[in-house]
Amino acid sequence: MSGAVVEARDVWKRYDTTVAVRGISMRIERGSLLGLIGPNGAGKTSFMKMVATLSKPDRGALRILGRDAHTAVAAIRRRLGYMPAELGRMPDMTVREYLSYFGAAAGVPRVERERRVRDVLELVDLVERQDSLVSAGSTGIKQRILIAKTLVHDPDLLVLDEPAAGLDPRARIEIREILRELNRLGKTIVVSSHILADLEEICDAVAIIEHGELVTHGRIDELTDGLRARREVHTWRVRVPPAERERAQEALLALPEVTGCGLDEEGLWLETGAPTGNPALRALLDAGVTVLRFVEQGPRLEDVFMRGTDGTIR
Amino acid sequence: MTRALALLRRAGRYAWDNPSAEQDARRILSSLRLGAVLGLVTLLVLVAAGLALLWLPEEDRVLRRVVVEVGVGPYLTLVALGTLTLCLALVVPIHASGLLEGPRWRGYLDQLVTTGMSPARYFLGKWATSQPYFLALIAATLPFVALFGLLGGLSLGRTALSYALLWLWANLLLVATLGLGVVLHEVIALALVLLLAAGALAVDLTPAPSAFAGWTPLRYLAQPLVAAASGTDAAELERLYGDARLLGATLPGPAWSVLRWALVGAAAAITCLVGPLHAFVPGLNGFGAVVLQGDARRAFFRRMRPFVTRRVDLAFLFENRGPRLVRLTLPLRAAAQLLVVAVAAAGAVGFVFHPDLLRGIRWLDPILAFDMVGCSLVLSLTLFLLRGGRAEAALAWRVGGRDVPLLVVDAAVLALVCGGLVALHTGAVLTAWPDLGGLVRTGRTSGLTHPEAFLYATTASLDVLVGSAVVGFLVLKAAGARVLGGGAALLVTSVWLTVQAALPAIPYALGSGFSRAPDSVTRAFAGPLLAIGLASPAAALEAVSDVATERGGGGDLLLAHWLWQGAFAWVFGAYAWAGHRERRAEALALEALRRGAQGPHPACPACGGPRARVAWTWWGGAVGTALVGLARCLDCGRVARAADPAAGWTRAAALAFAARAALGVTLAGAALSWALGLGGAS
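The structure displayed is predicted, hence computed values, not measured ones.

### Thoughts on the overall build of chain B
The secondary structure content of chain B amounts to 30 helices and 7 strands. Principal-axis analysis of the C-alpha atoms gives chain B an extent of 95 × 75 × 50 Å. Looking at chain B as a whole, 50% of its 682 residues are labelled buried. Long-range pairs, those at least 24 residues apart, make up 75% of the contacts in chain B with a sequence separation of at least 6.

Here you go:
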C-alpha cells in the first residue's frame, strides 16, 4: 500500500511572539524513514509534537494516516507509536510490566499482549532484562525500552524524538540497526536527531527545518546529487601503496583538468573540474600505479545541512 | 442470551484489560499493601469496640441505657460498622486519587495519551479493581460481626442492608473523587471529598431531618441506637432519624440515600466520561506548553499557570473519548450539572420545609432565613458549575446541522434550575401549608401575620434571588468570554454580586431617611436615592418585607428593582452574547483556514492575518457595532471594516456613539422623572 502517511499543508505554530513552525508543507510517504533535522530552536520538536498528535497546528491542515489530525485523533493514535525524548519517572515496574501497561493502554488484548511483549523484547534484545526494573536501566537500555513500548501495539507510524540522544557509540549503532529493521518491516518512521551521520546511515529521506521553515525536504541521494551537480570542483580521494604515491601524484598533475593534487596521512587527494573520475583513474592505471581505493569525497548530508541552514537564531 | 453473554464478556474485558487495572492489580492488591490496610481497619474496629465497652459502666450514661435497650451484640456490631464507615471515608478517596496526577507528575501522561486509550476505560479499570479492594475492606469486619452476633447481633436483613449501603457508599466516594479529580486538581479534589465526607458524617449524627441528612450509612446504622437513646423524645427523634419526608411524600431513609448517591454518582460518572470543557484555540493547544499572546511581557504569570496546563493536558487525554461523546459533551455536561443541582436543591428545600422541623420552631423568621440561605446556595452552586473561560466560549453543540452555542446551553441549564427551584419551592411550601398555618399565629418579629403574607414573602424573595442569579450568570458569561479561566470569571461575578448588594444600600438607607423628613426639599431627594438604592437585591428584599407586612409602598420600590435588573440584564446580556459571538467567529475563521478555505472576511491589510467579526464596542454597543460592520485581525489586532478593510469608519462610529448617548440620556431622564415620585412610596 502506498500513499502519504503524513500530509502537512501550510502548517503554522506560534508561541506568543515566536513563530515555531512557519507554513510547513510536507508529505511523508508510507514505508519511508524520514529524518527531521535542524538547529536547536528550529521548530522540529514543535512539528514532531504535531505529528504525534500532542499539539495542534494554529493554522494549516495536517492529515495523519489519512485522517484529519484535528477531528479523528483517537483513531490516529491507535495506529501511532510515539517515543518521547524522555522515559518519565515510572513507578516501580519491570520492563515486562511496563510494556504490558502500555500495551493495555493501546487496547491490545491480554492474551495477544503477552506475545507482543515477547516479540518486541526480542526485537530490541531485552529478553534477559525483562524482569529488571525500568528505572534501573542505563540510558541505552531505557531508549531500547522506549522503542519497545512504541512498538508493542504494532503501529503503522513511528514518531521518535531523539532516539539516539545521550547514547554511547555501541548503543547508537544498536538503535540504528533496530530502526533499519523496523523500516524493513514496513513501518513508516519519522525520527529527529542531531547526529547527522546516523541519519545519513539509516534514513532514506530528510527534512531540514530552520527558523520554523522547511529549508529542504527529499531523498538523501537526490539532495546530495543536486548539491554535487552544482559543484564546479570535485574532490577525489585515492589510496595507493606508499611506495607509488609520488608516481601517482605526478601522473595526476599531468592531466589538464586536475586543478590540485596533494598528499596527506590518508593518501592522495585531487581536485578536478570533470564530473567523473574516469580520466584520472585511467592516467593512474596507465602509469602502472596500483589503485587500492578511488572514491569521490562527495557532498554528504552534512554539506546539505550546512548549505541549507545559516545557523542564526531569531 | 449468547449475545448478552458476549456483551458482558466484552464489558468485563473493557474494565479489566487496561492500564489502571494492570497497575492496581499489581500495586494495590499486592499482599503487603492490602494487608496493611486490612490490618489497620481490624485494629481500628478492635479499638473502637474496646472504647465503646469501656465507656459503658457509669450508670447515668445515655450509652448504658442504649445498650440495655438494644443489647450488647447489636451495639458492638453497629460500632464496628460505624468504624468501617469512617475508615472508608478516609481510605477510599486516597485510594481513588492520583489516577491522572500520577502520570502527569511522573512525566508519562503524554505516552498514555498517544496510545489512544479512552478515559472511560481508564476510569472503569480503576472502578473494577476497586471492587475486590472494597469487598476485602468490608470483609475485614465480618469476623467481628459474627463474633458480636453470638451476643445477639443485628437481624440478618439489617446486617445485609448495612453492608450493601457501605459498599455503595464506598463506590460513591470513589466516583466522586474521580469525577472531581477531572474538573479540579486531584489534590484539591481529595481534600474536598474528605471535607465533604467529614461534613456528611457530622450531619448524619446530628438530629437533622433525614430529607437533608442520610449522606452516609451512619444515619441508617444509628437508627436503632437513637430510638433507644431518646427517652422521652423518642417519637420526635424517630421522626427525624427515620424516613425522609419530602414534598408530602415519605421515603425510607436508605432508599432516599441511595437515590441521591445514584444521582451524584451519575453526575460524577458523566464528568469522567466527557472530561473538562476545553477548546483547542491557539496558545491552549499544546500538551505541556501553554503560551498565550503577550506572555513574553508577563513571564511571571505564565509560570503561575499549572492549572491551565493541567486542563490542556487532560483535554488531550479526553480527545480519546471518541467522536460520539465529543458531539454530546455539552448536553451531557448540562445533564451532570442539573443532577448535582437537583440533589442540592431537594436537600436544601426539603430541609427547610420539613414538617418535623417546622413543628420545632416557634416563629417564621428562621424559616424564611434558612429558606433564602438554602436557595442562595443552590443558585451559587449553579453559577459555580456554569463557569468557563475564553477558550470554551467558542464551543457549540451541533444539533441537526445547526450550532447551539455554549451560552445558550448554559442559559437553558440556568432556566431549568431557576424554574425547577421555584416549582420545588412552591411545592414544598404548599405541602407544608398546614404546619405553616399553625406557625404564623405565633409570628412575632417579622410581622408576618397570616400564611398568605409568608407565602408572598418567601416566593417574592426567591424571585429576587433568581433575578440576581440571572444577572450574575450574564456577568459570569460576559467575563468568561474575555478572561482566561472560569475561576477568574467567577471572581469577577462574585465581586459584582457583592458590590451590587452592598453599595446601593447606602443611598437606599439615605433615601429611606429622607422620605420621612419634614421638609419637602429633602423629601424630593428621597425618590432618586431610593431608586438608586434599589439596584441592590438586599434593598429589594426589604421592599418584599414591606409588601408582606403591609407597611405600604413596596410595590413601586420592587418595580424599581426589577427595572434595574432588567437594565443590568440588557447590558450584560448584550456584552455576554457579543463576547461569545466574537469567540465563535474567531474559531470559525481559524477553522476555515485549517480547511484551506478563505476566511469569512478579506485578510488584514496590515499583516495579512485572518480576521473575525467584532460584535461589541464601547462606542456602539452591540447594535451600533453591527451596523458599522467591523472585523479584527487575529494576529495584529487591527480593527477595520469587515467587507472593505481600506474603508474608513470613524464617522459611522461617531454617529453610533451619538445615537447611543442620546438614547441613554432619554432613558435616564425618563427614569429620573419616575424616580422623583418614589419618595412618597417608601
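### Some remarks on the overall build of chain A
Counting secondary structure elements, chain A contains 11 helices and 14 strands. In terms of principal-axis extent, the alpha carbons of chain A reach across some 70 × 50 × 35 Å. Pairs at least 24 apart in sequence give 67% of the contacts found in chain A among residues at least 6 apart. Here chain A displays about 14200 Å² of accessible surface, and carbon together with sulfur accounts for 47% of that area. The averaged location of the 47 negative side-chain charges in chain A is 7 Å from the averaged location of its 45 positive side-chain charges.

### Digging into the packing of aromatic side chains
Within this structure, the stated rule accounts for 18 aromatic pairs over all chains. Members of the aromatic cluster, connected to one another through ring pairs, are Tyr98(A), Tyr101(A), Phe102(A) and Tyr108(B). The ring of Phe280(B) has Lys56(A) sitting right over it, with the charged end atom 4.8 Å from the ring centre.

### Re the pairing of strand β11 (residues 234-239) of chain A
All names here are of chain A. Summarising burial for β11: 5 of the 6 residues are buried, a large majority. Where β11 and strand β13 (residues 267-272) come together, 5 bridges link them in antiparallel fashion. Bridging from a neighbouring strand, His234 pairs with Thr272 of β13. Relative to strand β14 (residues 293-296), β11 is paired through 4 bridges, and the arrangement is antiparallel. What sits directly across from Val238, in β14, is Phe294.

### Section: the domain arrangement of chain B
Residues and elements named next belong to chain B. The assigned domain composition of chain B is domain 1 (279-316), domain 2 (362-408 + 428-597) and domain 3 (601-682). Opposite the 8 residues of domain 1 that make contact, domain 2 presents 7 residues. At the boundary of domain 1 with domain 2, total buried surface from both sides reaches about 570 Å², with 73% on carbon and sulfur atoms. For the interface between domain 1 and domain 2, the tally reads 1 salt bridge. Arg311 is the salt-bridge partner of Glu392, the closest N and O atoms lying 3.4 Å from each other. The interface formed by domain 1 and domain 2 contains 1 residue pair in polar contact (both at pLDDT 80 or more). Grouping the amino acids of the side of domain 1 that touches domain 2 by side-chain chemistry returns 6 nonpolar, no polar and 2 charged.

### Regarding a nonpolar patch on the surface
Residues and elements named next belong to chain B. Residues Leu491, Val495, Val499, Leu503, Ile506 and Leu510 make up a contiguous nonpolar surface patch of roughly 570 Å² in combined accessible area. The element that contributes the greatest number of residues to the nonpolar patch is helix α24 (residues 486-502), accounting for 3 residues. Tracing the backbone through its elements, the reader meets Leu503 in the loop between α24 and α25 (505-515).

### Describing the pattern of salt bridges
The tally for this structure, following the rule as stated, stands at 33 salt bridges over all chains. Glu174(A) is the salt-bridge partner of Arg144(A), the closest N and O atoms lying 3.5 Å from each other. In this pair, Arg144(A) is assigned in helix α5 (residues 139-151) and Glu174(A) in helix α6 (residues 169-184), connecting sequence segments 30 residues apart. Here Asp403(B) ties to Arg398(B) by a salt bridge, and the two come within 2.6 Å at their closest N and O atoms.

### Quick notes on the interface of chain A and chain B
On the chain B side, the residues contacting the 48 residues of chain A number 42 residues. Together chain A and chain B conceal approximately 3800 Å² of surface at their shared face, both sides included; 49% is due to carbon and sulfur atoms. Ranking the residues of chain A by area buried against chain B places Asp16(A), Arg77(A) and Tyr101(A) at the top, with a combined share of 19%. Taken together, the connections running from chain A to chain B amount to 6 salt bridges. The salt bridge involving Asp635(B) is made with Arg59(A); its shortest N-O contact spans 2.4 Å. Taken together, the elements giving at least two residues each to the side of chain A that touches chain B come down to β1 (4-15), β4 (59-64), α2 (73-78), β6 (80-83), α3 (95-105), α4 (110-123) and α5 of chain A. The dominant element in the side of chain A that touches chain B, judged by the number of residues it contributes, is α3(A), at 7 residues.

### Some remarks on the packing of helix α18 (residues 329-352) of chain B against helix α20 (residues 365-385) of chain B
Residue and element names in this part refer to chain B. Packing of α18 against α20 brings their axes to within 9 Å, and their N-to-C directions diverge by 170°. The angle between α18 and α20 falls in the class roughly antiparallel. Two secondary-structure elements touch here, α18 through Arg333, Gln337, Val340, Val341, Ala344, Ala345, Ala348, Phe351 and Val352 and α20 through Ile367, Phe370, Asp371, Gly374, Val378, Leu381, Thr382 and Leu385. In terms of residue class, the contact of α18 with α20 is built from 12 nonpolar, 3 polar and 2 charged.

### Digging into the nonpolar core
The biggest cluster of nonpolar side chains holds 199 residues, and the ones touching the most others in it are Phe47(A), Tyr98(A), Leu157(A), Leu112(B) and Phe353(B). Counting the residues that make up this core, at least three belong to each of domain 1 (279-316) and domain 2 (362-408 + 428-597) of chain B. In this structure Phe47(A) touches Ala8(A), Val21(A), Ile24(A), Met26(A), Leu36(A) and Ile209(A), once residues within four positions along its chain are discounted. Within the second largest apolar cluster, 15 residues are counted, among which are Trp236(A), Val258(A), Leu270(A) and Ala283(A).

### A look at helix α1 (residues 44-51) of chain A
Residues and elements named next belong to chain A. Within α1, 6 of the 8 residues are buried, leaving the element largely enclosed by the surrounding structure. Lys44, Ser46, Phe47, Met48, Met50 and Val51 are the residues of α1 that are buried. Immediately beyond the C-terminal end of α1, within one or two residues, lies Thr53, with a positive phi of roughly 60°.

Rules and cut-offs
- Residues numbered from 1 in each chain as written.
- Chains lettered and ligands numbered in written order.
- Predicted model: local features only at pLDDT ≥ 70, side-chain atom pairs only at ≥ 80, totals over all residues.
- Heavy atoms only, no water.
- Helix = DSSP H or I, 4+ residues; strand = E, 2+ residues; numbered from the N terminus.
- Buried < 20%, exposed > 50% of the residue type's maximum accessible area, 1.4 Å probe, protein only.
- Contact = heavy atoms within 4.5 Å.
- Areas by Shrake-Rupley, 256 points an atom, 1.4 Å probe, with all protein chains shown as cover.
- Lys, Arg positive; Asp, Glu negative; His and termini not counted.
- Charge placed at Lys NZ, Arg CZ, Asp CG, Glu CD.
- Phe/Tyr/Trp six-rings, centres within 6.5 Å; stacked < 30°, edge-to-face > 60°.
- Lys NZ or Arg CZ within 6 Å of the ring centre and 35° of its normal.
- Pairing = 2+ DSSP bridges.
- Domains from an automatic or database assignment.
- Buried area = accessible area lost by both parts, 1.4 Å probe.
- Salt bridge = Lys/Arg side-chain N within 4 Å of Asp/Glu carboxyl O.
- Polar contact = N/O pair within 3.5 Å; in protein donor to acceptor, adjacent residues only side chain to side chain.
- Nonpolar A, V, L, I, M, F, W, Y, C, P; charged D, E, K, R; others polar.
- Patch = residues over 30% accessible without salt bridge, like charges linked within 9 Å, V, L, I, M, F, W, Y side chains within 5 Å.
- Axes fitted to C-alpha atoms, helices over the stretch in contact; angles between N-to-C directions.
- Parallel < 35°, antiparallel > 145°, perpendicular 65-115°, else oblique.
- Core = buried A, V, L, I, M, F, W, Y, C linked by side-chain atoms within 4.5 Å.

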